[in-house]
Structure formats: structure tokens, C-alpha cells
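# A closer look at the structure
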Amino acid sequence: MTVETIASHRCFEGEQLRLKHRADSLDCDMHFSLYLPPAARGGDVPLLYWLSGLTCSDENFVQKAGAQRYAAEHGVAIVAPDTSPRGEGVPDDPEGAWDFGLGAGFYVNATEAPWDRHYRMYDYLTEELPALLAEQFPVDTSRAAIFGHSMGGHGALVIALRNPARFQSVSAFAPIVAPSQCPWGEKALGNYLGPDRENWKNYDTCALIEAGALQLPMLVDQGEADNFLEEQLKTALLEQVCSRTGYEATIRRQPGYDHSYFFISSFIGSHIAFHARALEQSLAED
Ligand SMILES: N[C@@H](CCC(=O)N[C@@H](CS)C(=O)NCC(=O)O)C(=O)O
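Residues numbered from 1 in each chain as written. Predicted model: local features only at pLDDT ≥ 70, side-chain atom pairs only at ≥ 80, totals over all residues.

This part takes up the UniProt feature "active site" (unreviewed entry) in the chain. The sites that UniProt annotates as "active site" (unreviewed entry) are Ser150, Asp226 and His259. These residues run over 110 residues, yet every pair of their C-alpha atoms falls within 10.8 Å of each other. If you trace the backbone, serine 150 turns up in the loop between β6 (139-149) and α4 (151-162). Excluding residues within four positions of it along the chain, serine 150 makes contact with Gly53, Leu54, Ala174, Pro175, Ile176 and His259. (UniProt positions renumbered as here; feature names shortened; annotations may be inferred. Helix = DSSP H or I, 4+ residues; strand = E, 2+ residues; numbered from the N terminus. Contact = placed C-beta atoms within 7 Å.)

Here the focus is the pairing of β6. Of all eleven residues in β6, nine are buried, a share of seventy percent or more. For strand β4 (residues 45-51) and β6, the ladder comprises seven bridges, and the chain directions are parallel. Residue leucine 51 lies in a different strand from β6, and its bridge partner there is glycine 148. Relative to strand β7 (residues 170-173), β6 is paired through four bridges, and the arrangement is parallel. Following the sheet pairing, glycine 148 is matched in β7 by alanine 172. In this fold, β6 hands off to α4, which returns the chain to β7; that crossover is right-handed. (Buried ≥ 20, exposed ≤ 12 C-beta atoms within 10 Å, placed from the backbone. Pairing = 2+ DSSP bridges. Right-handed = clockwise from strand over helix to strand, strands pointing away.)

Before going further, it helps to examine the site of the ligand. Within the structure, the ligand sits among 13 residues, and Gly53, Leu54, Thr55, Asn60 and Ser150 are positioned closest to it. Across the shell around the ligand, the residue classes break down as five nonpolar, seven polar and one charged. (Near = placed C-beta within 6 Å. Nonpolar A, V, L, I, M, F, W, Y, C, P; charged D, E, K, R; others polar.)

Our next topic: the nonpolar core. By size, the foremost hydrophobic cluster in this structure holds 95 residues, and its most contacted members are Ala77, Ile78, Val79, Ile146 and Val170. With nine residues, helix α9 (residues 261-285) is the single largest residue contributor to this core. Here alanine 77 is in contact with Leu34, Tyr35, Leu36, Pro37, Ala40, Val45, Leu47, Leu48, Ala71 and Val139, once residues within four sequence places are set aside. (Core = buried A, V, L, I, M, F, W, Y, C linked by C-beta atoms within 7 Å.)

Reading across the sheet, the nine strands line up as β1-β2-β3-β5-β4-β6-β7-β8-β9 and stay open at both edges, with mixed pairing between neighbours. Unpaired on one side and paired on the other, β1 (3-11) and β9 (250-254) mark the two borders of the sheet. Strand after strand, the sheet turns through a mean of 20° between neighbouring axes, direction not considered. In the sheet, β1 pairs with strand β2 (residues 14-23) via eight bridges, with the strands oriented antiparallel. In the strand pairing of β2, alanine 7 is matched with arginine 18. Here helix α3 (residues 121-136) sits on the sheet and contacts β1, β2, β4, β5 (77-81) and β6; the angle it forms with β6, its principal contact strand, is near 135°. (Axes fitted to C-alpha atoms, helices over the stretch in contact; angles between N-to-C directions.)

Moving on, we come to unusual backbone geometry. Following alanine 113, the chain continues to proline 114 via a peptide bond in cis, the omega torsion being 0°. With respect to the element layout, proline 114 can be found in the loop between β5 and α3.

What follows concerns the pairing of strand β3 (residues 28-36). Sheet topology places β2 next to β3; nine bridges connect them, and they run antiparallel. Bridge assignment links arginine 22 to a residue of β3, and that residue is aspartate 29. Where β2 hands over to β3, the hairpin turn is made up of four residues, of which aspartate 27 adopts a positive phi near 55°. Bridge analysis of β3 against β5 gives four bridges, and the strand direction is antiparallel. Considered in β5, the bridge of tyrosine 35 is made with isoleucine 78.

This is the structure:
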């Protein structure tokens, strides 16, 4: 597996890298960003996966969230992949809309043509990228946590709930908690997975919790001034399913905060500390 370094910047005594590789699962070239804390010079460090939202590439998070300072303090690496396959031959929304297609892979394995050839972000994130990281970088992929924003919050929750043994904790900023019940999700899942809504349940956080997903440490922050809250994100549905099923999640509604990276940067330190605690606890239990 060849990985090309596109950029490398010293940051909080660690390194912020941007990398490029051929992704077999997506049948295209992909970029991803990786922050290695100073502790990585002494051996493998735990790994946090960050999944971004609609319209983002791997760069939004590393430039705007201010996460590196906290990752350096806690000695964790953070990988930020892109949000969809890209490149020549990768189909996009026929009308060029920003909520579907390029920049909007929704972290699923598409089953419907023409999306099924490239749009396989679930396999990319759960199989190909972890294998590549374990092989080529000083990260311990058996000590991992996952978090994300909006569409990426949806991706993080779904991937953690479906793979509870692989993640010590999960958190999300303004996640789409029930894509089967909101316009963004209905458009994406309908196109990528087809009209049978039974097939959507594996990619729907509320449906997975309803079906008895195993307990993981879970933290969710949601801004109350987020324009997408009522129509798309629907935090209330997560609160309801957690209370109905007894699933323990810390869901914090944050007054005054919107959907932007100003919100994310305000709470990113708290999320990284949350994951670092869960990772330390799992080490103590081993
Ligand atoms: N482009 C959309 C907004 C999309 C949006 O808010 N994207 C979020 C994720 S859902 C984001 O992180 N955008 C990139 C950024 O703020 O850097 C609009 O014009 O309303």
C-alpha cells in the first residue's frame, strides 16, 4: 500500500499530515489528514477517527476545529478522512446539489447503480483505512474511538454501534440521528440503498439503538441555535429512543450554538478528553 505525503506541518510538537493513496474499496484516489501527537515518536498511540459533515473534505476539521492542541496533550492521533469518493468517473448528484453525491457519501456501502461502484465509505472506514493506518503509521488501531459532525456524527454513531468491540467510545456534534426520518437522509439512503426502507435500518442510529445495539460510552452535543436541528438532525428522536430502551448516552443541548465549526471548536477539547478517559479506562481493565 503506497501512501504519498502531500503536506506535513509541525503542530503542538506533533505533525499534521495530509496524505494520498489509492483506495481499492472506493476504486479511486483518496486524500486523508492525520495528526500525530508528539507521543507517537515513542511508539504506537491510540487513534480517534473524525468524520466530517456535508460539503467537507479531509481539510475542514484540521483547519477549523482546533483539535491538535488537545490531541497532543492526551497523546492521541486523529485521522480525518474525506466525506465521499472523488475523481474522474465518480458520479455526483445530477443537479449538483450539495447534500448528495460528492462530499456527501453518508458513510454507507451503496447497493444501487451508478453509486455502488465507488460509494463504499463504510468498507473504506471499517476495513481499508484502519489496515493502512496500522501498517504505515505509529497508531494502535485496537485502541480507537470515533466522532464526527452532522452527516459525520451519523457516520460515527452508526459505525460505532455496528462495531462496538472496535471502539472504546463514540461522540458526535449535531448528528443526523435518524436519516430514515429526515430529508437529507431520505434522499441519500433512497438513492444509495434503494427504496426498501428495511435496508436503511443498518445506517440509522435510532433504529440501531431500538434494535438493541450494545452499550458504548456515548456523548452528543447539539447547539440549540442550529438551523438544521428541527428538520434534519432531530436530536429529540435520539433522546426518546435512549430513554425508551435504557441506552445510556450523555446528550447535551448547548444554548446559543449554531451548526458551524465555531460550535465544534468550543467543545472539541471536552470530546477529546472524553475519548481519552474511555481509552485509559479500557487499558486499565485489560
Ligand atoms: N453548504 C451548506 C451548508 C453545509 C454545512 O453546514 N456543512 C457543514 C457540515 S453539515 C460543514 O461542516 N461545512 C463546512 C465548514 O463549515 O467548514 C449551505 O450552504 O447551507
